[in-house]
Amino acid sequence: MFKFNFNADELHASELSENYDEVVKTEELTDSYTSVTLPFSELIIGNKCLKLIHEFPNTYNSDLIPGTYEGGFKLWECTLDLLDYLSNNVKYYKEKSVLDLGCGTGLLGIFTLISGARNVDFQDFNKEVLINTTMSNVLVNCKERLEVCKYYSGDWKSFTTFNEDTYDLILTSETIYNVNNYMKLIKLFEKKLKPSGSILLIAKNYYFGVGGSISEFSNFLKSSKMNSDIVWTSTDGVKKTLLNIHF
């Protein structure tokens, strides 16, 4: 088990609603964490080396418990495909504001940050995922840019309501497995994306056992203000699709 050297007072958590929390402003972490060394593995994406801390124990004993734990301690395979796509498409994030939605490990936001994004916000349902995993990965990869990162826990409806920021790019990986959350997610997209911005959403084509799928999500999008284009699909193995969603 690895942990940061902070206490509850240093978090300065502000409860904006029952389900929404700005976890911490990272400029307040700099002095406490710059001396911390965390064991990590390395991922090579394009010409960048991403450091991934050793996994923290998942006390939920499951990859997914809807409404309780939403899989943030695991690195989902679609994230690696989206990282590869980002490495060849800097136009989406260079000097842009980025939201890593359902961030888990935070590697999508981290990659854009070390590759030229102006600032990155990280959102995950579970606060403990943000503190134990996301922040640790940010620390070992982006120590010089902590001041341009913010973290938010809670569900998408509360995040949409209480966070007033908008973004040039929203990144989200494997977040459409639950059909019941589709409208909540789309409303977040409509409110949080800048008019000229893009959302890169990647997912498996179908989630067996829970019912979500790319085709059903695309049908929900048709009733919104947004359009989508398929910009990448897998050619072997599990079928996956990357959508560019925009106004």
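Residues numbered from 1 in each chain as written. Predicted model: local features only at pLDDT ≥ 70, side-chain atom pairs only at ≥ 80, totals over all residues. Heavy atoms only, no water.

J.: Would you take a moment to explain the overall build of the chain for this structure?
T.: For the chain, the helix and strand inventory stands at eight helices and eleven strands. Looking at the chain as a whole, 52% of its 247 residues qualify as buried. Looking at the chain alone, contacts between residues at least 24 apart form 69% of all its contacts between residues at least 6 apart. Of the accessible surface of the chain, which amounts to about 11,300 Å², a share of 49% is contributed by carbon and sulfur atoms. (Helix = DSSP H or I, 4+ residues; strand = E, 2+ residues; numbered from the N terminus. Buried < 20%, exposed > 50% of the residue type's maximum accessible area, 1.4 Å probe, protein only. Contact = heavy atoms within 4.5 Å. Areas by Shrake-Rupley, 256 points an atom, 1.4 Å probe, with all protein chains shown as cover.)

J.: Help me understand helix α5 (residues 127-141), please; the structure alone is not making it clear to me.
T.: Side chains three or four residues apart in an α-helix point the same way, a direct result of the helix having 3.6 residues per turn. The end-to-end C-alpha distance of α5, which contains 15 residues, comes to 20 Å, matching closely the 21 Å that a straight helix rising 1.5 Å per residue would cover. The sharpest bend along α5 measures roughly 30° and falls at threonine 134. Burial runs high along α5: twelve of the 15 residues are buried. Regarding α5, the residues found buried are Val129, Leu130, Ile131, Thr133, Thr134, Met135, Ser136, Asn137, Val138, Leu139, Val140 and Asn141. (Expected span 1.5 Å × (residues − 1). Bend = angle between axes of the 7 residues up to and from the residue.)

J.: Could you clarify how one ought to interpret the confidence of the model for the chain in this entry?
T.: Any region with low pLDDT has predicted coordinates that should not be read closely. Predicted confidence across the chain gives a mean pLDDT of 83, with 77% of residues reaching 70 or more. Per-residue pLDDT stays below 50 along residues 1-19; that stretch engages in 44 contacts with residues further than four places along the chain or on separate chains. Here residues 26-36 is a poorly scored stretch, pLDDT under 50, and it has 21 contacts once near neighbours within four places are set aside; other chains count. (pLDDT = per-residue confidence, 0-100.)

J.: Help me out: how do you make sense of the packing of aromatic side chains in this one?
T.: Any pair of aromatic rings gets described here by the distance separating the centres and the angle formed by the planes. Evaluation of the coordinates by the stated rule reveals eight aromatic pairs. With centroids separated by 5.2 Å and ring planes inclined at 90°, the aromatic side chains of tyrosine 182 and phenylalanine 220 adopt a geometry described as edge-to-face. In this pair, tyrosine 182 is assigned in helix α7 (residues 182-192) and phenylalanine 220 in helix α8 (residues 214-221), connecting sequence segments 38 residues apart. Judged by relative accessible area, which is 0%, tyrosine 182 ranks as buried. For phenylalanine 220, a relative accessible area of 24% puts it in the partly exposed group. Note on tyrosine 206 and phenylalanine 208: the rings are 4.8 Å apart at their centroids and 70° apart in plane angle, and the pair reads as edge-to-face. (Phe/Tyr/Trp six-rings, centres within 6.5 Å; stacked < 30°, edge-to-face > 60°.)

J.: Quick question: what am I supposed to make of the nonpolar core here?
T.: Generally speaking, soluble globular proteins have nonpolar side chains that are buried together. Counting 34 residues, the largest nonpolar core has Leu82, Leu86, Phe122, Val138, Leu171 and Leu200 as the members making the most contacts within it. Taken together, the elements giving at least two residues each to this core come down to β4 (48-53), α3 (77-87), α4 (107-114), β6 (119-124), α5, β7 (149-154), β8 (167-173) and β9 (193-204). Of all hydrophobic cores here, the second largest spans 25 residues; its members include Tyr152, Phe159, Tyr207 and Ile245. (Core = buried A, V, L, I, M, F, W, Y, C linked by side-chain atoms within 4.5 Å.)

J.: Honestly, the side chain of serine 198 in this entry has me stumped. Any pointers?
T.: As for its position among the elements, serine 198 is in strand β9. Owing to a relative accessible area of 13%, serine 198 belongs among the buried residues under this scheme. Leave out the neighbours within four places in its chain, and serine 198 touches Tyr92, Asp168, Leu169, Ile170, Leu193, Asn244 and Ile245.

J.: What's the story with the packing of α4 against α5 in this structure? I'm lost.
T.: Relative placement of two packed helices is described by the angle separating their axes and the distance separating the axes. Between α4 and α5, whose axes approach to 10 Å, the crossing angle comes to 20°. What the angle tells us is that α4 and α5 run roughly parallel. Of the two possible hands of crossing, α4 and α5 adopt the one that is right-handed. Mapping the contact onto sequence places Leu107, Ile110 and Ile114 in α4 and Asn137, Val138 and Asn141 in α5. Of the residues belonging to the contact of α4 with α5, the class tally is four nonpolar, two polar and no charged. (Axes fitted to C-alpha atoms, helices over the stretch in contact; angles between N-to-C directions. Parallel < 35°, antiparallel > 145°, perpendicular 65-115°, else oblique. Left-handed = near helix turned anticlockwise from the far one by under 90°. Nonpolar A, V, L, I, M, F, W, Y, C, P; charged D, E, K, R; others polar.)

J.: Which parts of the structure should I look at to understand the pattern of salt bridges?
T.: It is possible for side chains of opposite charge to pair when their charged atoms get near one another. Here the structure, examined in full by the defined rule, presents eight salt bridges. A salt bridge links aspartate 81 to lysine 240, with the shortest nitrogen-to-oxygen separation between them at 2.7 Å. Of this pair, aspartate 81 sits in helix α3 while lysine 240 is found in strand β11 (residues 240-246), placing the two residues 159 residues apart along the sequence. Of the two residues, aspartate 81 and lysine 240, both sit in the buried class. Taking the shortest distance from any N to any O, the salt bridge between lysine 194 and aspartate 168 comes out at 3.7 Å. Of the two residues, lysine 194 sits in strand β9 while aspartate 168 sits in strand β8, which places them 26 residues apart along the sequence. (Salt bridge = Lys/Arg side-chain N within 4 Å of Asp/Glu carboxyl O.)

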